[in-house]
Amino acid sequence: MDPFGHIYHPETGEYLASVKDGKITGVDGSAYTVEGDEIKDAAGTVVGYLSQFHGPTKGNGDLANRLFRRR
């Protein structure tokens, strides 16, 4: 079964992206592929890992902030 779910900003709760059908798609148009637990950019470079987690996250280094930072 493919991972699926939603990514929210850790401080504001704003919806940032969806995880579905092997892809992470941001509301800003950014896209990443998911292979197993690896998150890869368009060049195939691993930029992070998926894990099952239900709850808020905090910290400047979290993956949602790095991949979907608001400008």
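Here the structure is a predicted model, which means the values were calculated and not measured.

Caption draft 1: Looking closely at the overall build of the chain. Helix and strand counts for the chain come out as one helix and six strands. Ordering the α and β elements of the chain from the N terminus gives β-β-β-β-β-β-α. For the chain, the proportion of its 71 residues judged to be buried stands at 28%. Restricting the contact set of the chain to residue pairs at least 6 apart, pairs at least 24 apart contribute 30%. Summed over all atoms, the accessible surface of the chain reaches about 5100 Å², with 51% contributed by carbon and sulfur.

Caption draft 2: Seen up close, the confidence of the model for the chain. Overall, the predicted model of the chain reaches an average pLDDT of 76, with 66% of residues at or above 70. No element of the chain has a lower mean pLDDT than helix H1 (residues 63-68), which averages 64, and none a higher one than strand E4 (residues 31-35), which averages 89.

Caption draft 3: Seen up close, the nonpolar core. Membership of the largest hydrophobic core is limited to eight residues, which are Ile 7, Leu 16, Ala 17, Val 19, Ile 24, Tyr 32, Val 34 and Ile 39. When residues of this core are traced back to their parent elements, those giving at least two are strand E2 (15-20) and E4. The greatest single-element share of this core, amounting to three residues, is contributed by E2.

Caption draft 4: Local environment of the pattern of salt bridges. Evaluated as defined, the whole model comprises two salt bridges. The partner of Lys 40 in a salt bridge is Glu 35, with the nearest N and O atoms 3.0 Å apart. Looking at Lys 40, the relative accessible area reads 15%, which means it is buried. Residue Glu 35 is classed as partly exposed on the basis of its relative accessible area of 44%. Note that Lys 40 and Glu 38 form a salt bridge whose closest N and O atoms lie 3.6 Å from each other. The network of salt bridges with shared partners includes Glu 35, Glu 38 and Lys 40.

Caption draft 5: Highlighting the packing of aromatic side chains. Within this structure, the stated rule accounts for one aromatic pair. Aromatic pair Tyr 8 and Tyr 15: ring centres 5.8 Å apart, planes at 70°, arrangement edge-to-face. Overall, Tyr 15 belongs to the partly exposed group, its relative accessible area being 33%.

Caption draft 6: Representation of a nonpolar patch on the surface in the model. A surface patch of nonpolar side chains, about 280 Å² in accessible area, is lined by Tyr 8, Tyr 15 and Val 27. One can find Val 27 in the loop between strand E3 (23-26) and E4.

Conventions and cut-offs
Residues numbered from 1 in each chain as written. Predicted model: local features only at pLDDT ≥ 70, side-chain atom pairs only at ≥ 80, totals over all residues. Heavy atoms only, no water. Helix = DSSP H or I, 4+ residues; strand = E, 2+ residues; numbered from the N terminus. Buried < 20%, exposed > 50% of the residue type's maximum accessible area, 1.4 Å probe, protein only. Contact = heavy atoms within 4.5 Å. Areas by Shrake-Rupley, 256 points an atom, 1.4 Å probe, with all protein chains shown as cover. pLDDT = per-residue confidence, 0-100. Core = buried A, V, L, I, M, F, W, Y, C linked by side-chain atoms within 4.5 Å. Salt bridge = Lys/Arg side-chain N within 4 Å of Asp/Glu carboxyl O. Phe/Tyr/Trp six-rings, centres within 6.5 Å; stacked < 30°, edge-to-face > 60°. Patch = residues over 30% accessible without salt bridge, like charges linked within 9 Å, V, L, I, M, F, W, Y side chains within 5 Å.

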